[in-house]
Amino acid sequence: MKEQTPQSGDSGSAPRIPIPGGHPRHALSPLLNAPVRLSVVAALAPTHRAEFGFVRDLVEVTDSALSKQVAGLEEAGLVAVSKGRVGRRPRTWLSLTKEGREVYGRHLAALRAIADGLTAPAGPPVEPAGAAGAAGGPSSGAPRDAAPNPDPTSDRSPTSD
């Protein structure tokens, strides 16, 4: 188990949560960082196998885009491709291999660990981004250099008379 230590510039007062093996991003599969490949693997995960056309429509890509991504997944050993016929019509089925299921499981676990903030320092919560804007701070959306109304008692709006 690797204990994370404060970096230079950190106050050093808040201990870091220990993460086995370091930051969870190291468990991400670079192959699944592409949205279409991740979508294909996610579509295949709950099934034994799925028809090519079904996956194509579910992932919302063209035949050629899906074919290219599946070829990369097949070459890496994550997806198996089988061909056959239904009646007289040719069909292509896709399925995750055992290795594909394991890689997908690790990838999802790493994403969840990152999203859950397992590498955040222990201690008081950090203010979320944009929270200052809710109180009218610098990111409230109002122009910083907006001039105040010169005559606050005037209720006239500008007209084009």
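Residues numbered from 1 in each chain as written. Predicted model: local features only at pLDDT ≥ 70, side-chain atom pairs only at ≥ 80, totals over all residues. Heavy atoms only, no water.

Asks: Honestly, the confidence of the model for the chain in this entry has me stumped. Any pointers?
Replies: Low pLDDT means the predicted atomic positions in that stretch should not be read closely. Per-residue confidence for the chain gives a mean pLDDT of 76; residues scoring 70 or more make up 60%. Below a pLDDT of 50 lies the segment residues 1-19, which in the model reaches 32 contacts outside its immediate sequence neighbourhood of four places, other chains included. (pLDDT = per-residue confidence, 0-100. Contact = heavy atoms within 4.5 Å.)

Asks: Can you help me understand the nonpolar core in this one?
Replies: One broad rule of soluble globular proteins: the nonpolar side chains tend to lie buried together. Core analysis: the largest hydrophobic core is formed by 18 residues, its most contacted members being Val40, Leu44, Val55, Leu66, Leu73, Val79 and Leu94. Looking at this core, the elements that each hand over two or more residues are α1 (35-44), α2 (52-59), α3 (63-75), β3 (89-96) and α4 (98-115). When residues no more than four places from it in sequence are discounted, the contact partners of Leu73 are Leu31, Leu32, Arg37, Val40, Val41, Leu78 and Val79. (Core = buried A, V, L, I, M, F, W, Y, C linked by side-chain atoms within 4.5 Å. Buried < 20%, exposed > 50% of the residue type's maximum accessible area, 1.4 Å probe, protein only. Helix = DSSP H or I, 4+ residues; strand = E, 2+ residues; numbered from the N terminus.)

Asks: How do you make sense of the packing of α1 against α3 when you look at a structure like this?
Replies: Helices that pack against each other are described as a pair by the angle of their axes relative to one another and the distance between those axes. At a closest axis distance of 10 Å, the pairing of α1 and α3 adopts a crossing angle of 75°. By the angle class used here, α1 and α3 are roughly perpendicular. Taking contact as the criterion, the partners of Val36, Arg37, Val40 and Val41 in α1 are, on α3, Leu66, Gln69, Val70 and Leu73. Here the residues of the contact of α1 with α3 sort into six nonpolar, one polar and one charged. (Axes fitted to C-alpha atoms, helices over the stretch in contact; angles between N-to-C directions. Parallel < 35°, antiparallel > 145°, perpendicular 65-115°, else oblique. Nonpolar A, V, L, I, M, F, W, Y, C, P; charged D, E, K, R; others polar.)

Asks: Is there a simple way to think about the side chain of His107 in this case?
Replies: Relative to the elements of secondary structure, His107 occurs in helix α4. Of note is the side chain of His107, whose polar atom sits 2.9 Å from the backbone nitrogen of Ser29. Sequence-distant contacts of His107, defined by excluding residues within four places in its chain, comprise Ala27, Leu28, Ser29, Leu32, Asn33 and Leu38. (Polar contact = N/O pair within 3.5 Å; in protein donor to acceptor, adjacent residues only side chain to side chain.)

Asks: Explain the packing of α2 against α3 to me, please; I cannot follow it from the model alone.
Replies: α3 packs onto α2 with a crossing angle of 105° between their chain directions and a minimal axis gap of 10 Å. Classed by the angle they form, the pair α2 and α3 counts as roughly perpendicular. Of the residues in α3, those in contact with Phe52, Val55 and Arg56 of α2 are Asp63, Leu66 and Ser67. Grouping the amino acids of the contact of α2 with α3 by side-chain chemistry returns three nonpolar, one polar and two charged.

Asks: Would you explain the sheet that holds strand β2 (residues 79-86) in this entry?
Replies: Backbone-to-backbone hydrogen bonds join strands into a sheet, with any given pair of strands oriented parallel or antiparallel. A sheet is described by the order of its strands in space; here three strands give the open sequence β1-β3-β2, paired in antiparallel fashion. Edge strands, defined here as strands with exactly one partner in the open sheet, are β1 (50-51) and β2. Here two bridges tie β1 to β3, and the two strands are oriented antiparallel to one another. Along β3, the bridge assignment pairs Ala50 with Leu94. The strands touched by α3 within the sheet are β2 and β3, with β2 carrying the most contacts at an inclination of about 120°. (Pairing = 2+ DSSP bridges.)

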